[in-house]
Amino acid sequence: MKDVCDLFEINPYISISEGTLILTAKEEFAEDLVEILRGQLHRRNIIGKVTERSEGGKRIRFGQDVKEIKHPGRDPFWKAMDYGMSKGGLR
């Protein structure tokens, strides 16, 4: 997935991501939930936490960097799909 996203310059956090499931759980149960899902899902990770609305908008942390998540407008997946179709894809 990372190679495909890199090739088409798609941010996977804003694309349609079929097959992706995001769950929320209380912080004290998060590690247990990841362990329960081990072996049942290809990948499972704790990727963030839900905070109070007063703490700001939707953000994502990459190491020490925190970035605002904004609606992308047109999903970048479709740009890649259009490109593939123009090259004769899905014959």
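Everything that follows concerns the structure shown earlier in this document.
The rules behind the values
Residues numbered from 1 in each chain as written. Predicted model: local features only at pLDDT ≥ 70, side-chain atom pairs only at ≥ 80, totals over all residues. Heavy atoms only, no water. Helix = DSSP H or I, 4+ residues; strand = E, 2+ residues; numbered from the N terminus. Buried < 20%, exposed > 50% of the residue type's maximum accessible area, 1.4 Å probe, protein only. Contact = heavy atoms within 4.5 Å. Areas by Shrake-Rupley, 256 points an atom, 1.4 Å probe, with all protein chains shown as cover. Patch = residues over 30% accessible without salt bridge, like charges linked within 9 Å, V, L, I, M, F, W, Y side chains within 5 Å. Salt bridge = Lys/Arg side-chain N within 4 Å of Asp/Glu carboxyl O. Pairing = 2+ DSSP bridges.

Chemist: Would you mind going over the overall build of the protein chain with me for this structure?
Modeler: Scanning the protein chain from terminus to terminus reveals 3 helices and 2 strands. Of all 91 residues assigned to the protein chain, the portion counted as buried reaches 12%. Excluding contacts between residues fewer than 6 apart, the proportion of contacts in the protein chain whose partners are at least 24 apart in sequence is 40%. In the form shown here, the protein chain has an accessible surface area of approximately 8,600 Å², with 53% of it arising from carbon and sulfur atoms.

Chemist: Which parts of the structure should I look at to understand a nonpolar patch on the surface?
Modeler: On the surface, a nonpolar cluster with roughly 340 Å² of combined accessible area is contributed by I16, W78, M81 and M85. Along the chain, M81 falls in helix α3 (residues 76-86).

Chemist: Is there a simple way to think about the pairing of strand β2 (residues 65-68) in this case?
Modeler: Put simply, side chains in a regular strand alternate between the two faces of the sheet. In terms of strand pairing, strand β1 (residues 59-62) meets β2 through 4 bridges, oriented antiparallel. Bridge assignment links R59 to a residue of β2, and that residue is E68. Where β1 folds back on β2, the antiparallel hairpin that results is connected by 2 residues, among which G63 adopts a positive phi of roughly 65°.

Chemist: I'm lost on unusual backbone geometry in this one. Help?
Modeler: Backbone geometry follows two general trends: most residues other than glycine have a negative phi, and most peptide bonds adopt the trans configuration. Even without a glycine there, the phi angle at E9 is positive, about 55°. By the secondary structure assignment, E9 is in the loop between α1 (2-8) and α2 (30-37). Residue E9 is classed as exposed on the basis of its relative accessible area of 72%.

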